[in-house]
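Structural features, examined
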Amino acid sequence: MDDVREHALANGLAVLTREVRTAPIATFFIWYRVGARDEPQGMSGASHWVEHMMFKRTQKLAPGDIGRMVEGVGGTFNAFTYEDATAYHETLPAEHLDLALEIESDRMLNAVFDPDDVEAERTVIISEREGHEASPMFRLMEAVESTAFKVHPYGHGVIGSKTDLRSMTRDDLFGHYQRHYGPGNAVIVAVGDFATDDLVTRIDQHFGGFPAISQPTSVAEREPAQDEARRVEVHHPGPFPVLMLCHHTPERTHADCAPLLVLNALLSGPPSGPFGGGGTLRTSRLYQRFVASGIAASVGADVGVNIDPSLHRVVVILHPSGAPEPIEEAVLDEIRRLHDEAPSQAELDRVVRQTYAKRAIALESVTAQAVQLGMLEMAASWRLAQTLTDDLRRVTPADVQRVARTYLREPARVTGWFLPAAANGAAA
Amino acid sequence: MTSGSRHAINADSVARHTLQNGATLLVYPNPASPSVAIGAYHAAGAVLETRETAGLASLTADALSRGTQYRTYLEFSEELDRVGASLAFHADTEYAALGGRALAEDLELLLTLSTDVLANPTFPNDEVGRVREQTMTVLAHAEDNPGSRASRRFRELLYGPSSPNGWPEDGYAATVREFQADDLRKFHARAYAPGSLVLAAVGAVDPPAVRDLAERTIGAWAPAPGAVTKSGWREALAAADAPRAAPAEPRREDIAIEGKTQTEFLLGWMGIRRTDPSYYATIVANFILGQLGLGGRIGSNVRDTQGLAYHASSYAVPGLTRQPWSIRAGINPANVDRAIEASLKEARQLADTPPDDEELRLSKQALVGSLPLRLERNDGIANILLMMERYELGLDYLGVYPDLVDAVTADDVRDATAAVVANPAYTLVTAGPELRGV
């Protein structure tokens, strides 16, 4: 990632480019700094709904046009919304990259939000939410987030509550779009087979004429420090119990993030998400304790990579007849082990080696590279992609023990259980 | 029509070699990458099990790496994790498979471990017990999930009880809970053999060196006496493919699952084999019907126009045996019948009237133009090599693929659709909250 180039247009639009010539394709992402953390009370789910509306009508395009334009040349396209940002992307044969510029420059300012389209999409999004509701993990995640964050918008999920999805109006959504979509609140990330200077010129031609907008005021109030352990239980029909045991962690720019990533690698595996890792290694502490031993069906852990303070999570899926108490006690025992014993230097060296290999494999595609750069830039800085290996190498055994004691402590804990129940609420 | 890929994957660039034990090796060098991907398929799929042992092939593949004559499961995992590599085994209905990723310098490790696991598994009793319990948990989840429930029941109805295509790959709780380590050992002895194995290696590798390495590893695997041969596998596939009398009338089943708010439906017909001459017309038709943009014509009607669903698409699955052409969507229970009617209307419309020129052109260009995206990663290339070998398409297939798609006419699309979906006797399964007034 040494060859990433940074550019800025006069209206504030930031551009990151990386030339990769291994295949005749290119990917174009535009990231807006708007997600669940930017949604005021009563508008949970607005950012995600706006994302859906961007595939509807603009002053130039009708519903379905984007699909026809991109797929008609063999490309792919989509979008996603999460806590901190919304991203739109097209991956295309390189000679057709201008299609992405046309689409994204058009919908940055010209989306129409036709009232009929808004109403049709309301039921689509409620349907999306009802699809998620089939998952015990979704129900548990919602309960845990709302328990962990009483003030900060991370306490409501990205998809939004049904109440808000039923009550938000076309004008609410259009206002959200107008406040957050504009060149000064966006970052373009392009990776692939193109000449950078030429691409930047074309980006300027498409986006350079847009007026700068004022930076939207953040609605994300700082979450007060949690001073007492919290607990939540979801009783609902389902196949097995699930434990989600969380602790509050700092924002991504905090110096303790690297030791927390190493700590998490010992528990489950190399840094995932934007860092390219993912999955629980079979030699990890949690896998050995829970899955290799046969006491649970699966286990994983991750650290939030977010703008604001987030959560470290351990998730254990039990066998259908598994008893909750011993599992929770065993997770706490692994946390005590982190408090009591500093890991060996050899364990830390191994984390660095694993991280290097996993990232080399995960970042083979231009799309994966653009996701990493954009997501890190949204949370802190794309330069974390360059420094990650060195950041991890500098972590000492004492650092890991210190962050375990600092963050993975009882008052900062949120324990969530999904417990299968009959439809009437009785134990199943 | 051109695909524009920078990779020239053809008979000149792909090294194909038959190893001493009959296994086939395919190697494609991709020096731009620091990594390597391996992939393989072989006979040991559910086509070699019976209805009474549904799930045995899958459980055997899942337990394969849990101990060999030379390594414990922990030692196997340690060798991989130490270098950030991965190697996994599983079984589908038609075949069993493996996939591995590593830095290129660790190819030898991947092939050594693959060989040990395929040839020398011991299926320790305690490890088999753990894998069995994990599978029981997966099955409990499938029972609770509307999409899985609909899909499993749909295949049972479509194929009936005598075809392995009709039962789920991971079996039933009633069959899986009975499996003992010895059942897995016997299945392994019968179903695992190098004769049907095709292995692909793609990445920063030197083909002659890979060939030598493969001869020393996979090539040294001697089949057990009486183990399945390539022709035995083909016979099992043919038996699984035995034509079943189509139903005379549409059939529908509604499955109620406690605590759900959304209904998933799966509506479909028996489709064609991948080797059928109408395959290319079928994939173009399916793309128009349920893929282009956000779900093709079905997505446009059910999602965009009526706002009934988040997902609504159609699928024409390729296979060595006949596979379904199906439509699936997730719908609020109150709107299920509207969505089903709209989906059927779109399918029948395409069976009656050829698509217009622009829709046809876009769909064909999408199918051809997306090829470079599929060739970007080493594992993507490996999967395409294995696909070309499995369906006997030849190593020059990617050169002719654009022309095969381009040759599809609007009438071909209508005819391919009519041949399958014009049949009024569809199979429909819904799963979700109890439906009222159906």
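Read on for a plain summary of the structure. (Residues numbered from 1 in each chain as written. Chains lettered and ligands numbered in written order. Predicted model: local features only at pLDDT ≥ 70, side-chain atom pairs only at ≥ 80, totals over all residues. Heavy atoms only, no water.)

Right, let's talk about the sheet that holds strand β10 (residues 310–317) of chain A for a bit. All names here are of chain A. Ordered by their spatial adjacency, five strands build an open sheet running β7-β11-β8-β10-β9, and the pairing between neighbours is mixed. Strand pairing shows two members of the sheet lacking a second neighbour, β7 (230–236) and β9 (298–303), which therefore form its edges. For this sheet the average axis-to-axis angle between neighbouring strands, irrespective of direction, equals 15 degrees. Relative to strand β11 (residues 413–420), strand β8 (residues 242–249) runs antiparallel, the two sharing six bridges. Within the sheet, the bridge partner assigned to Leu243 lies in β11 and is Trp417. The strands that helix α11 (residues 324–340) touches are β7, β8, β10 and β11; relative to β8, the one it contacts most, it runs at about 30 degrees. (Pairing = 2+ DSSP bridges. Helix = DSSP H or I, 4+ residues; strand = E, 2+ residues; numbered from the N terminus. Axes fitted to C-alpha atoms, helices over the stretch in contact; angles between N-to-C directions. Contact = heavy atoms within 4.5 Å.)

Let us look at the interface of chain B and chain A. At the junction of the two partners, chain B supplies 62 residues and chain A supplies 63 residues. The junction of chain B with chain A conceals about 5,000 Å² of combined surface from both sides, 55% of it contributed by carbon and sulfur atoms. Our count for the chain B to chain A interface comes out at four salt bridges. In this structure, Asp304 of chain B engages Lys56 of chain A in a salt bridge whose closest nitrogen and oxygen atoms are separated by 3.6 Å. Summed over the shared surface of chain B and chain A, the number is 28 residue pairs in polar contact (both at pLDDT 80 or more). Of all the secondary-structure elements, those providing two or more residues to the side of chain B that touches chain A are α2 (73–82), β4 (86–91), β5 (96–103), α4 (125–144), α11 (292–305), β9 (309–316), α13 (357–369) and α14 (371–374) of chain B. Ranked by residue count, the leading element in the side of chain B that touches chain A is α2 of chain B, at eight residues. Here the side of chain B that touches chain A is composed, by residue class, of 23 nonpolar, 24 polar and 15 charged. (Buried area = accessible area lost by both parts, 1.4 Å probe. Salt bridge = Lys/Arg side-chain N within 4 Å of Asp/Glu carboxyl O. Polar contact = N/O pair within 3.5 Å; in protein donor to acceptor, adjacent residues only side chain to side chain. Nonpolar A, V, L, I, M, F, W, Y, C, P; charged D, E, K, R; others polar.)

Right, let's get into the nonpolar core. Of all hydrophobic cores here, the largest spans 200 residues; its most connected members are Phe290 and Val316 of chain A together with Tyr192 and Leu385 of chain B. When neighbours within four sequence positions are excluded, Phe290 of chain A is seen to be in contact with Ile295, Ala296, Val299, Val316, Ile327, Ala330 and Val331 of chain A. Counting 50 residues, the second largest nonpolar core, distinct from the first, contains Ile30, Ala46, Met108 and Phe207 of chain A. (Core = buried A, V, L, I, M, F, W, Y, C linked by side-chain atoms within 4.5 Å. Buried < 20%, exposed > 50% of the residue type's maximum accessible area, 1.4 Å probe, protein only.)

Backbone-to-backbone hydrogen bonds join strands into a sheet, with any given pair of strands oriented parallel or antiparallel. All names here are of chain B. Taken together, the five strands give an open sheet; going across it, the order is β7-β11-β8-β10-β9, and neighbouring strands pair in mixed fashion. Whereas interior strands pair on both sides, the edge strands pair on one side only; in this sheet they are β7 (251–256) and β9. Along the sheet, successive strands turn relative to each other by an average axial angle of 10 degrees, direction set aside. Taken together, the eight bridges between strand β8 (residues 263–270) and strand β10 (residues 324–331) define a ladder with antiparallel strand orientation. Bridge pairing in β10 links Phe265 to Ala329.

Geometric values such as these leave the question of function open.
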